Every structure is written in structure tokens, then in C-alpha cells.
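Listed below are the residues making up each chain.
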Amino acid sequence: MQILHLLGHAFDDLIARIRAINQRYRTPRIRMSPAVRLSLLVLRVYLLILVVLLGYRFVTLVVH
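For every chain, the first residue of its written sequence is number 1, and the numbers climb from 1 along that sequence. Confidence filtering applies because this is a predicted model: local features only for residues at pLDDT of at least 70, side-chain atom pairs given and counted only at 80 or more, and all residues used for totals across whole chains, interfaces and linings. Excluded from the side-chain calculation are hydrogens and water; included are all heavy atoms of the structure.

Enquirer: Kindly report on the pattern of salt bridges, identifying the contributing residues and their values.
Expert: Every case where a carboxyl oxygen of Asp or Glu lies within 4 Å of a side-chain nitrogen of Lys or Arg is listed as a salt bridge. The full count for this structure, using the stated rule, is one salt bridge. A salt bridge links Arg17 to Asp13; its shortest N-O distance comes to 3.5 Å. Of the two residues, Arg17 and Asp13 are both situated in helix α1 (residues 2-24); the distance of four residues between them amounts to about one turn of the helix. Runs of H or I in DSSP of at least four residues are treated as helices and runs of E of at least two as strands, each being numbered from the N terminus.

Enquirer: Before we move on, could you go through α1 and cite the residues and values that matter?
Expert: Every helix has an expected span of 1.5 Å times one less than the residues it contains. An ideal rise of 1.5 Å per residue puts 33 Å on 23 residues; α1 measures up with 33 Å between its terminal C-alpha atoms. Exposure classes here rest on a 1.4 Å probe applied to the protein chains alone. A residue is buried below 20% of its type maximum, exposed above 50%, and partly exposed in between. Of all 23 residues in α1, zero are buried, a share of ten percent or less.

Below, the structure written as C-alpha cells:
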């Protein structure tokens, strides 16, 4: 029981640190041009497509 309590406390501390970092960098410090925003959006979509294809490939390998 003691170990589970310690692990839970460590996990809560880790989550608090991550939330503090996210809060600090919530607002960007630099201005992005529309071209940069578009490029980042395209990159995000590309990465999502890659993840979907990787998942599809994994499922097809497991099924067969």
C-alpha cells in the first residue's frame, strides 16, 4: 500500500509539473505568418495520416 501511495504522489507531481509548463507556454511569444501557420497545419495533417497508415498496417499484420 505504501508503494502505491508513493507512486500516486509521484504521478500527481509529474502531472502538476506538466500543467505548469503548458500554462507557461500557452501564449506564443513570436508571431507566425499565415504561411507558417499553413505549413504547420499541413505538417500536422501529414503526421496524422502517417499514424493512421501505421495503425492500419499494424491491424492488417495482426489479422493475417
